[in-house]
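Observations on the three-dimensional arrangement
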Amino acid sequence: MLAESGRSVGELLAELAGMKAADLPVRGGKVTAYVYDTGRPEVHAAAQAAYAEMLEVNMLDPTAFPSMVALEKQVVGAVAELLGEPAAPGVFTSGGTESIMLAVKAARDARGVAGAQIVVPVTAHPAFHKAAHYLGLEVVAVPVDLESFQVSPAAVAEAITDRTVLVVASAPSYPQGVIDPVAEVAAVAAARGVFCHVDACVGGWLLPWLREAGAEVPPFDLRVPGVTSISCDLHKFGYAPKGASVVLFKDAGLRRKAYFASAAWPGYTIINSTVQSSRSAGPLGGAWATLGALGREGYRELGRQTLEATRLLVDGVRAIPGLRVLGEPAASLVAIAGSPEVDVFVLADEARRLGWFLQPQLSYAGIPANIHITVTGVTLQGVGEMLDVIAKAAEAARDRGPAVVPEGLPELIAGLDLDALDDATFVELAASVGIDLRSREQPEMAAVNAVLDALPAATREAILVRFLSVIYS
Ligand SMILES: *Cc1c(COP(=O)(O)O)cnc(C)c1O
């Protein structure tokens, strides 16, 4: 792949543009997950310029590049101020997963018990499972109420043991966009002397602006007694380029437990605040510039638009036959379930045909399959069209009928020793049931999702790993 002689920037960018042709658009609001568009190109341009300015600064050594310390203090300080504790210590990280990883590490190292456990609602982000997996902890999952999709503080209390190091509440949880009873969960944790992390990755930089726009938002941040850490992604509703999140701690002692230092080699001394060591300050520059380009007024206006668009979407979806909104969305994340007549996976494929990406979510822990829409600042401009597309796609899904899972296939897959199959055999197996993993065309995802939906979580995970391996082979 590596060319013998170097190529011009024009040539390289032309090739990039070609490769990106099949990507989903990152602007415009027709992709209702993954990307966050302000609808203001000048804000994204400011982020891009500052990102490039900081691109080659290495965050490995704060004494070598004091600019990045100053920037990080400002960005962390802005999050701490918005979340009510302006002096709260924090760390700028690459994303929600890394923020959560650090909060879990801090709790583990501060408690220092053998066989440590974390108590996590089933609706909490998989980043907690990933942190537990990487850090050698055990996850104790707690169910949620199947009407409100909130975790019950009593169930959390029951799950706490002498080995629990951390309890988690989400504000809001991603799947249904509802806020766990943070005050009660934190009180239950505090009563047992256990740390409590609020996952406000998606809500931390959103809920305060929605509150200003008139939404009812219960207390969820570090001001709530018992809350000891909180994560807030700037690359979501901060609208910063990817690679930007902040984790805040109750005090500097707990933050130090997130840090890592090593002098156990004959090279330069290592002091890391994050999982990564050498890393670009580009994302930090991008986040800093986005905050600066929007200011309080900009976020307030985006919050107002987001709230209005969410209300229009929720009311509109409630009027479409065969669809229902799960729970009462407390922020701007909306989960839409179907019915026996309207299969949401087919609906998502039909919407894709109309140029819109709606994110499918599989059934889990008694929660039905649904499609997820993250409403952002730009959504309001096109919310009428979005509702038309959902209504049309629902009608088309009704006409087509539900995706059919071949008889006996889930049992067959669940019984396979997936580790014993090589990737080529896996591809053939998928082809034999009509799923072409090698095709360059956008696949019919409904069939894939229906099969996955019929499988237990552990088998889904094994299949997903195979799928990734095939994509990259
Ligand atoms: C997005 C999200 C995360 C994980 O964030 P990444 O930035 O994708 O690593 C964690 N928790 C919640 C609630 C989220 O919405």
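Now for a look at the structure at hand. (Residues numbered from 1 in each chain as written. Predicted model: local features only at pLDDT ≥ 70, side-chain atom pairs only at ≥ 80, totals over all residues. Heavy atoms only, no water.)

1. Some thoughts on the overall build of the chain
Across its full length, the chain holds 16 helices and 13 strands. Computed over C-alpha atoms, the radius of gyration of the chain comes to 23 Å, within 12% of the 23 Å expected from 2.2 N^0.38 for 473 residues, which places it in the range of a compact globule. Expressed as lengths along the three principal axes of its C-alpha atoms, the size of the chain is roughly 65 × 60 × 50 Å. For the chain, the proportion of its 473 residues judged to be buried stands at 49%. In the chain, the share of contacts with a sequence separation of at least 24, taken over all contacts with a separation of at least 6, comes to 74%. Distance between charge centroids for the chain: 6 Å, based on 36 positive and 52 negative side chains. (Helix = DSSP H or I, 4+ residues; strand = E, 2+ residues; numbered from the N terminus. Rg over C-alpha atoms; globule rule 2.2 N^0.38 Å. Buried < 20%, exposed > 50% of the residue type's maximum accessible area, 1.4 Å probe, protein only. Contact = heavy atoms within 4.5 Å. Lys, Arg positive; Asp, Glu negative; His and termini not counted. Charge placed at Lys NZ, Arg CZ, Asp CG, Glu CD.)

2. Description of the site of the ligand
Taken together, 13 residues lie near the ligand, and Gly96, Thr97, Asp199, His235 and Lys236 sit nearest. Asp199 has a polar side-chain atom sitting 2.6 Å from a nitrogen atom of the ligand. His235 places a polar side-chain atom, nitrogen or oxygen, 2.7 Å from an oxygen atom of the ligand. Look at the ligand: alone it shows 380 Å² of surface, and the protein chains cover 84% of it. For the shell around the ligand, the per-class residue count stands at five nonpolar, five polar and three charged. (Near = heavy atom within 4 Å. Polar contact = N/O pair within 3.5 Å; in protein donor to acceptor, adjacent residues only side chain to side chain. Areas by Shrake-Rupley, 256 points an atom, 1.4 Å probe, with all protein chains shown as cover. Nonpolar A, V, L, I, M, F, W, Y, C, P; charged D, E, K, R; others polar.)

3. Observations concerning the packing of aromatic side chains
All told, the structure shown has seven aromatic pairs when counted by the stated rule. Seen in terms of ring centroids, Trp205 and Tyr299 are 5.4 Å apart; in terms of plane orientation they differ by 75 degrees. Their pairing is edge-to-face. Taken as a pair, Trp205 in the loop between strand S5 (195-199) and helix H8 (207-212) and Tyr299 in helix H10 (residues 282-318) lie far apart in primary sequence, 94 residues in all. Each member of the pair, Trp205 as well as Tyr299, is classed as buried. By way of ring pairs, the aromatic residues Tyr36, Phe237 and Tyr239 are connected into one cluster. (Phe/Tyr/Trp six-rings, centres within 6.5 Å; stacked < 30°, edge-to-face > 60°.)

4. Re the nonpolar core
Val156, Val182, Trp205, Phe220, Leu234 and Leu248 are the most contacted members of the largest nonpolar core, which totals 73 residues. Excluding residues that lie within four positions of it along the chain, Leu234 makes contacts with Val75, Val79, Trp205, Tyr239, Ala240, Ala244, Ser245, Val246, Ala287 and Leu291. (Core = buried A, V, L, I, M, F, W, Y, C linked by side-chain atoms within 4.5 Å.)

5. What about the packing of helix H11 (residues 344-353) against helix H12 (residues 383-400)?
Between H11 and H12, the least distance of the axes is 8 Å, while the angle of their chain directions is 125 degrees. Comparing their axes, H12 and H11 come out oblique. As H11 packs across H12, the resulting crossing turns out to be right-handed. Together, Val346, Leu347, Asp349, Glu350, Ala351 and Arg353 of H11 and Val389, Ile390, Ala393, Ala394, Ala396, Ala397 and Arg400 of H12 make up the contact between the two elements. Class assignment for the residues of the contact of H11 with H12 results in nine nonpolar, no polar and four charged. (Axes fitted to C-alpha atoms, helices over the stretch in contact; angles between N-to-C directions. Parallel < 35°, antiparallel > 145°, perpendicular 65-115°, else oblique. Left-handed = near helix turned anticlockwise from the far one by under 90°.)

6. Looking at the state of the cysteines
Summed over the entire model, instances satisfying the criterion amount to zero disulfides. In this model Cys196 remains outside any disulfide bridge; the closest cysteine sulfur is found in Cys201, 14 Å from its own. Accessibility expressed as a relative area gives 5% for Cys201, which makes it buried. (Disulfide = S-S within 2.5 Å.)

7. Things to note about the environment of Glu138
Note on placement: Glu138 falls in strand S3 (residues 138-142). Among the residues examined, Glu138 registers a relative accessible area of 37% and is labelled partly exposed. Dropping the residues within four chain positions of it, Glu138 is found in contact with Ala116, Gln117, Ile118 and Arg163.

8. What about a nonpolar patch on the surface?
Side chains of Val9, Leu13, Leu16 and Met19 sit close together on the surface and give an oily, nonpolar patch of about 410 Å² of accessible area. Counting through the fold element by element, Leu13 comes out in helix H1 (residues 9-19). (Patch = residues over 30% accessible without salt bridge, like charges linked within 9 Å, V, L, I, M, F, W, Y side chains within 5 Å. Salt bridge = Lys/Arg side-chain N within 4 Å of Asp/Glu carboxyl O.)

9. Notes on the packing of H10 against H12
The relative placement of two packed helices is expressed as an angle between their axes plus a distance between the axes. H12 packs onto H10 with a crossing angle of 25 degrees between their chain directions and a minimal axis gap of 10 Å. Overall, the two elements H10 and H12 adopt an arrangement that is roughly parallel. Once H10 is placed against H12, the crossing between them reads as right-handed. Contacts between H10 and H12 pair Ala309, Leu312, Leu313, Gly316 and Val317 from the former with Val383, Met386, Leu387 and Ile390 from the latter. Here the residues of the contact of H10 with H12 are counted per class, giving eight nonpolar, one polar and no charged.

10. Re the pairing of S5
Side-chain positions along a regular strand alternate between the two faces of the sheet. In terms of residue burial, S5 counts as a mostly covered element, since four of its five residues are buried. For strand S4 (residues 164-170) and S5, the ladder comprises five bridges, and the chain directions are parallel. Opposite Val167, over in S5, you have Cys196 as the bridge partner. Handedness of the S4-helix H7 (residues 182-191)-S5 crossover: right-handed. Relative to strand S6 (residues 229-233), S5 is paired through three bridges, and the arrangement is parallel. What sits directly across from His197, in S6, is Ser229. Following the chain from S5 across H8 to the adjacent parallel S6, one finds a crossover that is right-handed. (Pairing = 2+ DSSP bridges. Right-handed = clockwise from strand over helix to strand, strands pointing away.)

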